[in-house]
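Observations on chain architecture
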Amino acid sequence: MKNPVLPTFVTAPDGVRLAVYEWGTPTGPELLLIHGNAQCHLCWAPQIDSGLAEEFRIVAVDLRGHGASDKPSTPESYQGPSVWAKDLAAVMAAKSLRRPLLVGWSMGGRIIRQYLMNFGDAAIAGINFVGSLVIEEPESRAPSGAGLHPRAGQPLYEQIAGAIAFLDRCYAIKPNETDFRVAIGYNLLVPFAVQDAVGGWKTDPADTIPALQQVTVPVLISHGRRDAVILPRAAERAATYMPHAELSWYETCGHSPFQEDAARFNTELAAFARRVFGPS
């Protein structure tokens, strides 16, 4: 990352401190970036270090259990119908975000979905789901994507090897060695017990679908055709219940199109954001 910054901390309703970071134009339209499981804000370096920062106010959060945020040890801190939604709401309020565009990768998209289920879309301007299992149907998980995360109780070697194997499966177009090493580092910042707890968070599709059908803000769904974690079917299924959504397929990319083809992703995100926010 070319422009690392120190976080400010936002306290969630249950007392967990969330690390929040900001770049870009303070008065610009707002993008709130929400990473996936076992990641952190650093995964968004291709967006933070791009021309997006010249036009938009970019805010990114380390989710609870990740990065520089607090890492409570109880499963209840990661499971349930509202914990992640309340975290997002707390960040939006503390940063005085005025109807931001939410960008969620992988689990970040599931967190946006939980936000919609709890608060609706009145306080946001739009949504970009990226490689996300928005509707948690088993048929939308790649066979190689099941059980990839390392688990508590494994020998340490197997935990480390599992973390590296999971990260490797996130890419059809591999990152350079420096970026991959950094990603391994922030993946291993997440305690394995936390990864177990996050893995126990489930949402019934029957509860998800009505919330998606109520979405009125613009939606962009970005997905890699070669995703080895979440199948393209997941994007198609989400679009079924948000028929106004735009689908953007990355034919040569895997689970991380925002990194694998960052130039195209940034161009599409900027164009989508301009449509969402309208003339400045």
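In what follows, the accompanying structure is described. (Residues numbered from 1 in each chain as written. Predicted model: local features only at pLDDT ≥ 70, side-chain atom pairs only at ≥ 80, totals over all residues. Heavy atoms only, no water.)

Within the protein, the regular secondary structure consists of 11 helices and eight strands. Relative to the 2.2 N^0.38 estimate, which gives 19 Å for 280 residues, the radius of gyration of the protein is 17 Å and therefore close to what a compact globule would have. Referenced to the eigenvectors of the C-alpha coordinate spread, the extents of the protein come out at roughly 55 × 40 × 40 Å. Contacts in the protein between residues far apart in sequence, at least 24 positions, make up 76% of those at least 6 positions apart. Carbon and sulfur atoms make up 56% of the accessible area of the protein, which amounts to about 11400 Å² in all. (Helix = DSSP H or I, 4+ residues; strand = E, 2+ residues; numbered from the N terminus. Rg over C-alpha atoms; globule rule 2.2 N^0.38 Å. Contact = heavy atoms within 4.5 Å. Areas by Shrake-Rupley, 256 points an atom, 1.4 Å probe, with all protein chains shown as cover.)

Once that is clear, we can look at the packing of helix H5 (residues 156-169) against helix H6 (residues 177-187). At a minimum axis separation of 10 Å, H5 and H6 run at an interaxial angle of 125°. Viewed along their axes, H5 and H6 adopt a mutual orientation that is oblique. Of the two possible hands of crossing, H5 and H6 adopt the one that is right-handed. Here Ile 164, Phe 166, Leu 167 and Asp 168 of H5 come into contact with H6, specifically with Phe 180, Ala 183, Ile 184 and Asn 187. Counted by class, the contact of H5 with H6 contains six nonpolar, one polar and one charged residues. (Axes fitted to C-alpha atoms, helices over the stretch in contact; angles between N-to-C directions. Parallel < 35°, antiparallel > 145°, perpendicular 65-115°, else oblique. Left-handed = near helix turned anticlockwise from the far one by under 90°. Nonpolar A, V, L, I, M, F, W, Y, C, P; charged D, E, K, R; others polar.)

Before going further, it helps to spend a moment on the pairing of strand E3 (residues 30-34). Of all five residues in E3, five are buried; the element is thus mostly enclosed. Residues Glu 30, Leu 32 and Ile 34 line one face of E3 and the alternating positions Leu 31 and Leu 33 line the opposite face, and both faces are buried. Two strands pair when backbone bridges link them, and E3 and strand E4 (residues 57-62) are joined in this way by five bridges, in the parallel orientation. Directly across from Glu 30, in E4, lies its bridge partner Arg 57. (Buried < 20%, exposed > 50% of the residue type's maximum accessible area, 1.4 Å probe, protein only. Pairing = 2+ DSSP bridges.)

Attention now goes to empty space enclosed by the protein. Under the defined criterion, the tally for this structure stands at three cavities of 30 Å³ or more. Estimated volume of the largest cavity: approximately 50 Å³. At four residues, helix H3 (residues 83-94) tops the list of elements feeding residues into the lining of the largest cavity. (1 Å grid on protein atoms, 1.4 Å probe; cavity = no way out; pocket = protein on both sides within 12 Å on 5 of 7 lines; lining within 4 Å. Points joined across faces, edges and corners; volume = space filled by probe spheres on them.)

So, on to the packing of aromatic side chains. For the structure on display, the rule yields seven aromatic pairs. Taken together, a centroid distance of 6.2 Å and an interplanar angle of 15° make the contact between Tyr 21 and Trp 23 stacked. For the pair shown, Tyr 21 and Trp 23 are each scored as buried. Members of the aromatic cluster, connected to one another through ring pairs, are Trp 44, Trp 105, Phe 258 and Phe 265. Taking the ring centre of Trp 201 as reference, the NZ or CZ of Arg 110 above it sits at 4.1 Å. The ring of Tyr 250 carries Arg 264 above its face, with NZ or CZ at 3.7 Å from the centroid. (Phe/Tyr/Trp six-rings, centres within 6.5 Å; stacked < 30°, edge-to-face > 60°. Lys NZ or Arg CZ within 6 Å of the ring centre and 35° of its normal.)

Evaluated as defined, the whole model comprises zero disulfides. Here Cys 253 stays unpaired: no disulfide links it, and the sulfur of Cys 170, its closest cysteine neighbor, is 13 Å away. (Disulfide = S-S within 2.5 Å.)

Taken in spatial order, the eight strands make up an open sheet running E1-E2-E4-E3-E5-E6-E7-E8, and their pairing is mixed. Here the strands that pair on one side only, and so sit at the sheet edges, are strand E1 (8-11) and strand E8 (246-250). Sheet twist, expressed as the average angle between the axes of neighbouring strands with direction ignored, equals 20°. Judged from the five bridges that link them, strand E5 (residues 101-105) and strand E6 (residues 126-130) form a sheet pairing that is parallel. When the bridges of E6 are listed, Trp 105 appears paired with Val 130.

This is a description of form; function is not addressed.
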